[in-house]
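Chain residues, written in single-letter form:
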Amino acid sequence: MRPYIACTRGKNMKKDFLALNAFTKDELDNLFKLATELKLKQKNGDKHRLLKGKTLAMIFEKSSTRTRVSFEVGIYQLGGHGLFISSGASQMGRGEPLKDTARTLSRYCDGIMIRTYGQEIVEELAHYSTIPVINGLTDLFHPCQVMADLLTVIEHKGGYAGLKFAWIGDGNNMANTWIEAAAIFGFDLALACPKGYQPDKQVLDWALSRATSRIVLTDDPKVAADGADVLNTDVWASMGMEAEQRARKEAFAGYQLNGQLLKSARPDFVVLHCLPAHRDEEITDEVIEGSNSVVWDEAENRLHIQKAIMAQLMGSR
Ligand code: CP
Ligand code: NVA
């Protein structure tokens, strides 16, 4: 994989948020600090209008609840405005080239968030835009989500260093992003994925070539869950894979986050799920509703971490 390099435009340094691999550990740790500051300000009712008068265009080519609402509420709380653009209801849906959309939106807005299919689409959008572009999920990565997840782990466990993270299920966009995170932040990660549904090989090779921690890929969920501090899963069929639903249900039987599997985790483990969840498929109702589940804090933290990302990219922070 070609690691994404931040682009420059004339005199202005433009930094995008397309993949974690474009950032150093320190840069990402600073986002956790800023998110924590902004979260406190919001809870205390203190003004933090770091993006007063700024506009974020939010392009959606796939469905969303959390991403759409947290970005729109986030930019509003920062003093700006979010503009929802459904690709189907815009000229993009009628075939207007992405590079033309990029240059047009750059003349009106201060940032673009996009949820789409290929990672190359967000890269092309960022290349032709003169304003920062944020990846709100592609088939390859979901970087805002994993940053929110790590913020949640920091809050509940006091940090991520020295912890073992387990991924159970599909080697999808979330799994790929966790692999990058493990290499950058230096925590242990064990992924249990069935054969044929493993994470992106280029992402894994990139991570293994630079990781100082253990990144293990297995097809045995028990190996991944054994001694884990943080256990994480996601739907068996991601958006765009609906036609494979039946085949995937068969392939992923045995890859469920359930009470039996959690017996091998550490006693004080936490459970993450990016949501939406399919109860009693990848996770049981008992586990997602259980006392070790932190999924609602995780969903809330999308708001706080994305405010930090927007403030960092679109403001003077
Ligand atoms: N986790 C997440 O990205 O949720 P949405 O699909 O609802 O945006
Ligand atoms: N892997 C899931 C994540 C949804 C937030 C998907 O891409 O549909």
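Residues numbered from 1 in each chain as written. Chains lettered and ligands numbered in written order. Predicted model: local features only at pLDDT ≥ 70, side-chain atom pairs only at ≥ 80, totals over all residues. Heavy atoms only, no water.

Q: Describe the sheet that holds strand E9 (residues 215-218), listing the residues and the values that go with them.
A: Reading across the sheet, the five strands line up as E9-E8-E7-E10-E11 and stay open at both edges, with parallel pairing between neighbours. Two strands bound the open sheet, and with one partner strand each, they are E9 and strand E11 (270-273). Each neighbouring strand pair of the sheet contributes to a mean axis angle of 20°, computed without reference to strand direction. Alignment of strand E8 (residues 188-192) against E9, held across four bridges, turns out to be parallel. Note that in E9 the partner of Leu191 across the bridge is Leu217. Its contacts with the sheet place helix H5 (residues 143-157) against strand E7 (164-168), strand E10 (230-233) and E11, and it is angled at close to 165° to E11. On the sheet, helix H6 (residues 173-185) packs against E7, E8, E9, E10 and E11 and is oriented at approximately 155° with respect to E8. (Pairing = 2+ DSSP bridges. Helix = DSSP H or I, 4+ residues; strand = E, 2+ residues; numbered from the N terminus. Axes fitted to C-alpha atoms, helices over the stretch in contact; angles between N-to-C directions. Contact = heavy atoms within 4.5 Å.)

Q: Lay out the site of ligand 1 with the relevant residues and their values.
A: Around ligand 1, the structure places Ser64, Thr65, Arg66, Thr67, Arg115, His142, Gln145, Cys274, Leu275 and Arg302. In this structure, His142 approaches ligand 1 through a side-chain N or O atom, which is 2.9 Å from an oxygen atom. Between ligand 1 and Arg302, the relevant distance is 3.0 Å, taken from an oxygen atom to a side-chain nitrogen or oxygen of the residue. Taken by itself ligand 1 offers 260 Å² of open surface, and the protein chains cover 95% of this. According to the grid-proximity analysis, the pocket containing ligand 1 is the largest pocket. Residue classes in the shell around ligand 1 are distributed as two nonpolar, five polar and three charged. (Near = heavy atom within 4 Å. Polar contact = N/O pair within 3.5 Å; in protein donor to acceptor, adjacent residues only side chain to side chain. Areas by Shrake-Rupley, 256 points an atom, 1.4 Å probe, with all protein chains shown as cover. 1 Å grid on protein atoms, 1.4 Å probe; cavity = no way out; pocket = protein on both sides within 12 Å on 5 of 7 lines; lining within 4 Å. Sits in = over half its atoms within 2 Å of the grid points. Nonpolar A, V, L, I, M, F, W, Y, C, P; charged D, E, K, R; others polar.)

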